[in-house]
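# Survey of secondary and tertiary structure
What follows is each chain in one-letter form.
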Amino acid sequence: MSEHDRSHVASCQRAVLACLQLFPGTAVDFFANLRPEDFPDPASSEAFRRFWNFYTEHGSLDVTLALQGAPTSATVAAFNATEGSGVTSSRALDYAKALKGASRRVSILRAARTLLGTLSEDDASVDDALAAFDAARVEGLFDAEEEGRSLTPREAAQAAIDYAEDLMRHGGLSTGIKRIDNHVGLMRPAQFWIVAARPSMGKSALATSIALEVAKQDHKVGFFSLETSVPDVVLNILANDGKVDVSDIRRGNPDRALVEKVFTLADNFAEHYGIHINDQLDTTSEICREIRRLKREHDISLVVIDYLGLVEHDGGKASDTKQNEIANISRAFKRLAVDLQIPFLVLCQLSRKVEERVDKRPVLSDLRDSGAIEQDADVVMMIYREGRYDLKVDEHKAEIGVVKNKTKGVGGIELHFEGKYLSFTNGREWERDL
């Protein structure tokens, strides 16, 4: 690399890193056009990679948080870039294109030198030269131009066929409740399901039931409980699995037979059910990081989050409204579901406005800070048990209102709720306007 090329690349790298730090709102211009490998300097590449990963997880960029735990060289490269910088936010796209062009020029020159060096060898064949050319990854340079382009009609049709074939091969995850499977459909990769209800309606019980059934299908589950401790979550699962009333254990006066049955159920849970439970994390970044780890190390097939309103968004501004915060959290989880190609089952609390109406059946607008959740969700189910309000009504009757469903119709499902076992089973299915 000539001194001119080296100087130009270094200048472009500093401009990009400086603009990202001084004007975080320009991040979308850089992350849409650059990758860490476009930075020849390893320290600058690492700094950009950390900015990119943080933005991907949170939907916004906080430089300080993104560089936490970074190698000193990356931190120094990032902060040195801002010293004496004259960058402006209006030229962000220009800086991105300049670095992309400079990076590609350097890579092409390097590949060309490799090719010429191989050809200059007396015993080198054309095949040797082409092999060296291939090893220099010149094809990758041209392939990079293809990123983000629109698909042709033929390519789009093929993508749809591939997707359909994949669904036919792998189907989806059954909830274990036939009424839900038939009316809503199976839980497909990348889908974002919302289960919403007022307190004590059974949303955690429904999530536990579904997680258990998915585990029984030999799939692994990541279960994030922000409201209930791990021991209590496990007791709920054991109650559901063994149809035992664990309330005596919680009161501290169980009989010996119950304790022995619970111990047997616990051994079975540990041995056969791959449900990974976490009650320690409460921020978007921590939860997303742990989900990625569980996918990487255990290949989880479902994520359950109980519940959305207790998650804290750590990538926004102090002035953000609760609605903006919930929107950022929802979109971060939706993006992660798409990225990892696994369904998310996320629980939400309903607004108190439900209690003020004569008909307390929830509707979509009852979702707290609901705008982004409505937009992101593929399925929204709302639990209503009239017996919570009217003692004359059967306490076991539960209505599941399917108020949004991108793949099938909306409507209502009647399930049987068994409170002491924290379980839902099939009831009657009917159609009603929602």
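Computed from a prediction, not measured in an experiment: that's the story for all the values here. (Residues numbered from 1 in each chain as written. Predicted model: local features only at pLDDT ≥ 70, side-chain atom pairs only at ≥ 80, totals over all residues. Heavy atoms only, no water.)

## Some details on the nonpolar core
The condition is simple: Put simply, a nonpolar core is a bunch of buried Ala, Val, Leu, Ile, Met, Phe, Trp, Tyr and Cys residues held in one set by side-chain atoms that sit within 4.5 Å of each other. Accessible area is worked out with a 1.4 Å probe on protein chains only. A residue is then buried under 20% of its type maximum, exposed over 50%, and partly exposed in between. Helix numbers and strand numbers start at the N terminus; a helix is a DSSP run of H or I with at least 4 residues, a strand a run of E with at least 2. Two residues form a contact once any of their heavy atoms are found within 4.5 Å.
Residues Ile-180, Leu-206, Leu-302, Met-381 and Phe-424 are the most contacted members of the largest nonpolar core, which totals 48 residues. For this core, the element with the highest residue contribution is helix α11 (residues 203-216), accounting for eight residues. Residues in contact with Ile-180, not counting those within four places in the same chain, are Thr-175, Gly-185, Trp-193, Leu-206, Met-381, Ile-413 and Leu-415. By size, the runner-up hydrophobic cluster in this structure holds 33 residues, among which are Phe-192, Ala-196, Phe-344 and Cys-348.

## Considerations on the packing of helix α3 (residues 42-58) against helix α5 (residues 72-82)
Worth spelling out the cut-off: Comment: axis = line fitted to C-alpha atoms, over the contacting stretch for helices; angle = value between 0 and 180 degrees taken between N-to-C directions. For classification purposes, an angle smaller than 35 degrees is called roughly parallel, one larger than 145 roughly antiparallel, one from 65 to 115 roughly perpendicular, and anything else oblique. Ten residue types, Ala, Val, Leu, Ile, Met, Phe, Trp, Tyr, Cys and Pro, are classed as nonpolar, four, Asp, Glu, Lys and Arg, as charged, and the remainder, Gly among them, as polar.
One way to put it is that α3 packs onto α5 with a least axis distance of 8 Å and a crossing angle of 85°. Accordingly, the angle class assigned to the pair α3 and α5 is roughly perpendicular. Each of Ala-43, Ser-44, Glu-46, Ala-47 and Phe-51 in α3 lies in contact with α5, whose residues at this interface are Ser-73, Ala-74, Ala-77 and Ala-78. For the contact of α3 with α5, the class distribution of residues is six nonpolar, two polar and one charged.

## Focus on the environment of Phe-48
Within the fold, Phe-48 resides in helix α3. Here Phe-48 falls in the buried class, since its relative accessible area comes to 0%.

## Looking at the packing of aromatic side chains
In plain terms, the rule: Two aromatic rings, drawn from Phe, Tyr or Trp (for Trp, its six-membered ring), form a pair once their centres lie within 6.5 Å of each other, and the interplanar angle then sorts them: stacked below 30 degrees, edge-to-face above 60, tilted otherwise. As a reminder, the over-ring test applies to NZ of lysine and CZ of arginine, requiring each to be within 6 Å of the ring centre and within 35 degrees of the ring normal.
Applying the stated criterion to the full structure yields seven aromatic pairs. Here the aromatic residues Phe-31, Phe-39, Phe-48 and Tyr-55 are joined through ring pairs into a cluster of three or more. A cation sits over an aromatic face here: Lys-360 above Tyr-389, 5.5 Å from the ring centre.

## Regarding the side chain of Lys-404
The criterion, for reference: Positive charges come from Lys and Arg alone, negative charges from Asp and Glu alone, with His and the N- and C-terminal ends not counted. Criterion for a salt bridge: a side-chain nitrogen of Lys or Arg within 4 Å of a carboxyl oxygen of Asp or Glu. Under this definition, polar contacts are N or O atom pairs within 3.5 Å; protein pairs additionally need one hydrogen-donor-capable and one acceptor-capable atom, and for neighbouring residues in sequence, both atoms have to be side-chain atoms.
Of note, Lys-404 is situated in strand β7 (residues 397-405). At 6.8 Å, Asp-378 is the nearest oppositely charged side chain to Lys-404, a buried residue that forms no salt bridge. A polar atom in the side chain of Lys-404 sits 2.8 Å from the backbone oxygen of Ala-377.

## Some remarks on the pairing of strand β5 (residues 344-349)
In summary, the side chains of a regular strand alternate between the two faces of the sheet. Let me state the cut-off plainly: Strands were regarded as paired on the criterion that DSSP finds at least two bridges between them.
Among the six residues in β5, six count as buried, and that is most of the element. Neither face of β5 is exposed, since Phe-344, Val-346 and Cys-348 on one face and Leu-345, Leu-347 and Gln-349 on the opposite face are all buried. Two elements, strand β1 (residues 192-197) and β5, share six bridges in a ladder whose sense is parallel. Residue pairing across strands places Val-195 opposite Leu-347, the latter belonging to β5. Note that strand β4 (residues 302-306) and β5 share three bridges and pair parallel. Across the sheet, residue Ile-305 finds its bridge partner in β5, namely Val-346.

## Focus: the environment of Ser-174
Counting through the fold element by element, Ser-174 comes out in the loop between α9 (153-170) and α10 (178-184). The spatial distance from the C-alpha of Ser-174 to the C-alpha of Gly-185 is 8.2 Å, given a sequence separation of 11 residues. If near-sequence neighbours (up to four positions away) are discounted, Ser-174 is found in contact with Asp-181, Leu-186, Met-187, Val-214 and Gln-217. Here the side chain of Ser-174 touches Gly-176 through a polar contact of 3.0 Å, landing on its backbone nitrogen.

## Some words on the pattern of salt bridges
Counted under the stated rule, the structure contains 16 salt bridges. In this structure, Glu-46 engages Arg-49 in a salt bridge whose closest nitrogen and oxygen atoms are separated by 2.6 Å. One end of the pair, Glu-46, and the other, Arg-49, are both in helix α3, three residues apart, so they sit about a helical turn from each other. Of the charged contacts, one joins Glu-399 and Arg-361 as a salt bridge, the two residues approaching to 2.9 Å between their closest N and O atoms. With Glu-399 in strand β7 and Arg-361 in the loop between β5 and α17 (371-376), the pair connects residues that are 38 residues apart, well separated along the chain. For Glu-399, a relative accessible area of 4% puts it in the buried group. Residues joined by salt bridges that share partners form a network here, namely Asp-359, Arg-361, Lys-397 and Glu-399.

## Remarks on the confidence of the model for the protein chain
Here is the rule we go by: Note on scores: pLDDT gives the predictor's confidence for each residue, bounded by 0 and 100.
Confidence in the prediction of the protein chain, expressed as mean pLDDT, is 81, and 85% of residues score 70 or more. Taken as a whole, residues 137-147 scores under 50 in pLDDT and shows 12 contacts with residues more than four places along the chain or in a different chain. Below pLDDT 50 for its whole length, residues 429-434 participates in 20 contacts with residues either more than four positions away or in separate chains.

## Concerning unusual backbone geometry
Tyr-307 follows Asp-306 through a cis peptide bond whose omega is 5°. The residue Tyr-307 is located in the loop between β4 and α16 (322-340) in this model. At Ser-200, a residue that is not glycine, the phi angle is positive and equals roughly 70°. Structurally, the position occupied by Ser-200 is in the loop between β1 and α11. The phi torsion at Asp-218 lies on the positive side, around 70°, for a residue other than glycine. Residue position: Asp-218 is located in the loop between α11 and β2 (221-225). On the basis of relative accessible area, Asp-218 is assigned to the exposed category, the value being 70%.

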